[in-house]
Amino acid sequence: MRIVLDAMGSDSHPIPEIQATLRAVEKFGDDIFLVGQKDVINPLLENQIGFNKVHVIHAPEVLEMTDKPSRAARKKAQNSMAIGMDLIKTGEADAFVTAGNTGGAMTNALFRLGRIKGVKRPALTTLFPVSGGHTVVLDIGANADCKPEYLLQFAIMGSIYSKSVLSINNPRVGLLSNGEESGKGNALILKTYPLLKNSKINFVGNIEPKELFEGRVDVAITDGFTGNVLLKTSEAVAKLLIDIIRKELTSNLLVSLGALLTKPAFANVKKIMDPGEVGAAPLLGIDGLIFVGHGRSDSHALFNAIKIARQAVDANLLESLQNGIRTKLVG
């Protein structure tokens, strides 16, 4: 198992990346490629337990969160994402993980690795916390304007990911709409519905956001514009509720004393809502295993990102996606 970690990705790089790498080496025993600026990484890595299994690959340039992806990918051709993905392209490594600029990761992946043969548009994917676990949601921002065949491919890829990596047998796939009835939705939804219905995937019909958060489906399909609004709205509402509850629980001494009894429950809620517990999500449709985590990722989140990338390699996710797109899973 050969995982590449972008050492210059997170907001606090490279310390969380180094800590996550050393923990992964200790846990899994694999050699790990750490890509970034050697003069920054090596002094922090030397003499650490397990450092001899960490291979530092020099990348002189850093893709910043403020960089425009397409321009930066060309202008900073030696950025850590590009160098890391080249290791995937040459077969020297199996999967690449970054907590850097998501647009930059997508652009570099398209430039360096390209799309799986037959894939019309790669999709940004995330795992939404829902009742009973997580739901795969795609696309969440890569394709603002979609065609029905794009959404069909998203459904195929999301279903394969859910089955291969998350071990969900026969994943339930839903199409995000403004109503559960088959006749509801805009032109895109109305044209996509029959494509999904006639496919080999386990399509359960249209879903509204309430069905998504109730955990009624394992995979939710939408266009990138709607998915991105859903993601940002959900994050904002979750933050608002946490802020309101925190304020109310500290409103007076009596309530504060009572709040101590609920502290374990709120800790569990925080863990469920924390994207760091998942670590990273894949760019599905890229001809290589690319995982992107949150910019605020700490060492725990990055360790989990390495863990889920290993699971994808172990499950032969890329080969499953290639075969699924080739056969189209359509009856």
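Quick summary incoming for the structure in this document. (Residues numbered from 1 in each chain as written. Predicted model: local features only at pLDDT ≥ 70, side-chain atom pairs only at ≥ 80, totals over all residues. Heavy atoms only, no water.)

Let's talk about the side chain of Glu211
Then, number 1: Mapped onto the secondary structure, Glu211 falls in helix 8 (residues 209–213).
Then, number 2: The buried category is assigned to Glu211, whose relative accessible area is 4%.
Then, number 3: A polar side-chain atom of Glu211 sits 2.7 Å from the main-chain amide nitrogen of Glu208.
Then, number 4: Ignoring any residue separated from it by four or fewer positions in sequence, one finds Glu211 in contact with Glu180, Arg216 and Val217. (Helix = DSSP H or I, 4+ residues; strand = E, 2+ residues; numbered from the N terminus. Buried < 20%, exposed > 50% of the residue type's maximum accessible area, 1.4 Å probe, protein only. Polar contact = N/O pair within 3.5 Å; in protein donor to acceptor, adjacent residues only side chain to side chain. Contact = heavy atoms within 4.5 Å.)

Details of the sheet that holds strand 7 (residues 172–176)
Then, number 1: The 11 strands are arranged 3-2-1-4-11-10-5-6-9-7-8 in an open sheet whose pairing can be described as mixed. In this open sheet, the two edge strands, each paired with only one partner strand, are strand 3 (54–58) and strand 8 (202–207). Neighbour-to-neighbour, the strand axes of the sheet open up by a mean angle of 30°, direction not taken into account.
Then, number 2: Pairing of strand 5 (residues 123–130) with strand 6 (residues 133–138), which is carried by 6 bridges, proceeds in the antiparallel orientation. Bridge pairing in strand 6 links Pro129 to His134.
Then, number 3: In the packing of helix 1 (residues 15–28) onto the sheet, contacts are made with strand 1 (3–6), strand 2 (32–36) and strand 3, and the angle to strand 2 comes to roughly 170°.
Then, number 4: Sheet strands touched by helix 9 (residues 224–249): strand 5, strand 6 and strand 7. Its angle to strand 5, the strand with the most contacts, is close to 35°. (Pairing = 2+ DSSP bridges. Axes fitted to C-alpha atoms, helices over the stretch in contact; angles between N-to-C directions.)

Side note on a positive patch on the surface
Then, number 1: A cluster of like positive charges, contributed by Arg115, Lys120, Arg121 and Lys147, occupies part of the molecular surface.
Then, number 2: Structurally, Arg121 is set in the loop between helix 5 (102–112) and strand 5.
Then, number 3: Among the residues examined, Arg121 registers a relative accessible area of 34% and is labelled partly exposed. (Patch = residues over 30% accessible without salt bridge, like charges linked within 9 Å, V, L, I, M, F, W, Y side chains within 5 Å. Areas by Shrake-Rupley, 256 points an atom, 1.4 Å probe, with all protein chains shown as cover. Salt bridge = Lys/Arg side-chain N within 4 Å of Asp/Glu carboxyl O. Lys, Arg positive; Asp, Glu negative; His and termini not counted. Charge placed at Lys NZ, Arg CZ, Asp CG, Glu CD.)

Section: helix 1
Then, number 1: With 14 residues, helix 1 extends 20 Å between its outermost C-alpha atoms, agreeing within 8% with the 20 Å of an ideal straight helix rising 1.5 Å per residue.
Then, number 2: In this structure, the buried side of helix 1 is in contact with strand 1, strand 2, helix 2 (38–45), strand 3 and helix 11 (299–314).
Then, number 3: Where helix 1 ends, the next residue or the one after it, Gly29, has phi of about 80°, a positive value. (Expected span 1.5 Å × (residues − 1).)

Regarding the pattern of salt bridges
Then, number 1: Tallied over the full model, the rule gives 13 salt bridges.
Then, number 2: Across the pair Arg216 and Glu214 runs a salt bridge whose closest N-O atoms are separated by 3.0 Å.
Then, number 3: The exposure class assigned to Glu214 is partly exposed, which follows from its relative accessible area of 38%.
Then, number 4: A salt bridge links Arg246 to Asp243; the shortest N-O distance between them is 3.2 Å. Taken together, the residues Arg246 and Asp243, both in helix 9 and 3 residues apart, mark about one turn of the helix.
Then, number 5: By sharing partners, the salt bridges in this structure join Glu180, Glu208, Lys210 and Glu211 into a single network.

Structural notes on the layout of surface pockets
Empty space among the atoms becomes visible once a probe the size of a water molecule is rolled across them.
Then, number 1: One number sums up the size of the second largest pocket: a volume of about 220 Å³.
Then, number 2: Surrounding the second largest pocket, Leu127, His134, Leu166, Glu277, Val278, Asn304, Lys307, Ile308 and Gln311 form its lining.
Then, number 3: When residues in the lining of the second largest pocket are grouped by element, the largest group, 4 residues, is from helix 11.
Then, number 4: Residue composition of the lining of the second largest pocket, grouped by class: 4 nonpolar, 3 polar and 2 charged. (1 Å grid on protein atoms, 1.4 Å probe; cavity = no way out; pocket = protein on both sides within 12 Å on 5 of 7 lines; lining within 4 Å. Points joined across faces, edges and corners; volume = space filled by probe spheres on them. Nonpolar A, V, L, I, M, F, W, Y, C, P; charged D, E, K, R; others polar.)

Observations concerning the packing of aromatic side chains
Then, number 1: Within this structure, the stated rule accounts for 3 aromatic pairs.
Then, number 2: Measuring from ring centre to ring centre gives 5.6 Å for Phe28 and Phe303, while their planes differ by 5°; the resulting arrangement is stacked. With Phe28 in helix 1 and Phe303 in helix 11, this pair connects stretches of sequence that are 275 residues apart.
Then, number 3: Judged by relative accessible area, which is 6%, Phe303 ranks as buried.
Then, number 4: Seen from the ring of Phe303, Arg23 lies directly overhead, with NZ or CZ sitting 3.8 Å from the centre.
Then, number 5: One residue, Arg310, lies across the ring of Phe28, its end atom 4.2 Å from the ring centre. (Phe/Tyr/Trp six-rings, centres within 6.5 Å; stacked < 30°, edge-to-face > 60°. Lys NZ or Arg CZ within 6 Å of the ring centre and 35° of its normal.)

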